[in-house]
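Here are the chains, one letter per residue:
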Amino acid sequence: MENTLLLIKPNATEQNAVGRILAMAEENNMVIQKLRMFNFTDEIAQNFYAEHVGREFYEPLMKFMKSGKTVGVVLSGDNAVKNLRALLGNTNPEEANPGTVRALFGENTRRNACHGSDSAESAKREISLIFPEYVFINKNKDGLTWFKRFTKLSGE
Ligand code: CMP
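Attention in this report is confined to the structure presented alongside it. (Residues numbered from 1 in each chain as written. Predicted model: local features only at pLDDT ≥ 70, side-chain atom pairs only at ≥ 80, totals over all residues. Heavy atoms only, no water.)

**Let's talk about helix α4 (residues 58-65)**
Part 1: The set of residues buried in α4 consists of Tyr 58, Leu 61, Met 62, Phe 64 and Met 65. Taken end-on, α4 shows its buried residues confined to a sector of 165°, consistent with a single buried face. Structural note: α4 exposes Glu 59 and Lys 63 on the side pointing more than 90 degrees away from its buried face.
Part 2: Contacts from the buried residues of α4 go to β1 (2-8), α1 (10-14), α3 (42-48) and β3 (69-77). (Buried < 20%, exposed > 50% of the residue type's maximum accessible area, 1.4 Å probe, protein only. Helix = DSSP H or I, 4+ residues; strand = E, 2+ residues; numbered from the N terminus. Arc of directions from axis to C-beta. Contact = heavy atoms within 4.5 Å.)

Right, here's the structure in full:
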């Protein structure tokens, strides 16, 4: 059992593709554990994409992520990190395999419809940024125990 974070980005929510993308995840053995719709604020975007500061695509990426609604989803399942990334396809939609989410809904490398965590460690960090009111502890192989905190995500 593993958790990963899916972000359905503003260009996908604009396309009314949220339901179709969630269905693809569910049909591929991933279970929705948590879900929220929100708008990226400067603070959340800067934290989330801190590793990309200084890259040439950083500023346009920040602007894009703040341009509309995002859906954050915690998905669980066996090999969820790897499975989600395979389902999303290549970062560049032009290179994504047919039938993958980015081939279907991505427009270009920036407006690529979705984000999926690249490792279990990244997933943990990213989930805590998008779902700050929860602390989750991977107690055993059967799943998670969620503890609710009483803070709200700003931007929601
Ligand atoms: P994501 O999975 O959200 O992680 C980082 C994001 O930066 C990536 O998806 C793209 O949206 C964006 N990105 C990465 N590389 C490039 C690039 N070369 N040009 C434009 N945007 C990029």
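**Notes on the site of the ligand**
Part 1: Inspection of the region around the ligand gives Lys 9, Tyr 49, His 52, Phe 57, Leu 61, Arg 102, Thr 109, Arg 110, Asn 112 and His 115 as its neighbouring residues.
Part 2: Lys 9 places a polar side-chain atom, nitrogen or oxygen, 2.7 Å from an oxygen atom of the ligand.
Part 3: Between the ligand and the protein, one listed contact pairs an oxygen atom with a backbone N or O atom of Thr 109 at 3.2 Å.
Part 4: Starting from 460 Å² of accessible surface for the ligand in isolation, the protein chains cover 78%. (Near = heavy atom within 4 Å. Polar contact = N/O pair within 3.5 Å; in protein donor to acceptor, adjacent residues only side chain to side chain. Areas by Shrake-Rupley, 256 points an atom, 1.4 Å probe, with all protein chains shown as cover.)

**Thoughts on the packing of aromatic side chains**
Part 1: Going through the model one piece at a time under the given rule, you end up with three aromatic pairs.
Part 2: Summarising the aromatic geometry, the rings of Phe 40 and Phe 48 are spaced 5.9 Å apart at their centres and angled 80° between planes, so their arrangement reads as edge-to-face.
Part 3: With 5.0 Å between their ring centres and 75° between their planes, Phe 48 and Tyr 49 make a pair best called edge-to-face. No difference in accessibility class separates Phe 48 from Tyr 49, as the two residues are buried.
Part 4: The lysine or arginine in question, Lys 34, covers the ring of Tyr 134, its NZ or CZ lying 4.1 Å from the ring centre. (Phe/Tyr/Trp six-rings, centres within 6.5 Å; stacked < 30°, edge-to-face > 60°. Lys NZ or Arg CZ within 6 Å of the ring centre and 35° of its normal.)

**Notes on the pattern of salt bridges**
Side chains that carry opposite charge are capable of pairing whenever their charged atoms lie near each other.
Part 1: Scanning the model with the defined rule gives four salt bridges in all.
Part 2: Among the salt bridges present, the one from Glu 107 reaches Arg 111, with a minimum N-O distance of 2.9 Å.
Part 3: What makes Glu 107 partly exposed here is its relative accessible area of 42%.
Part 4: Here the salt bridges share partners, and the residues they tie into one network are Glu 14, Glu 107 and Arg 111. (Salt bridge = Lys/Arg side-chain N within 4 Å of Asp/Glu carboxyl O.)

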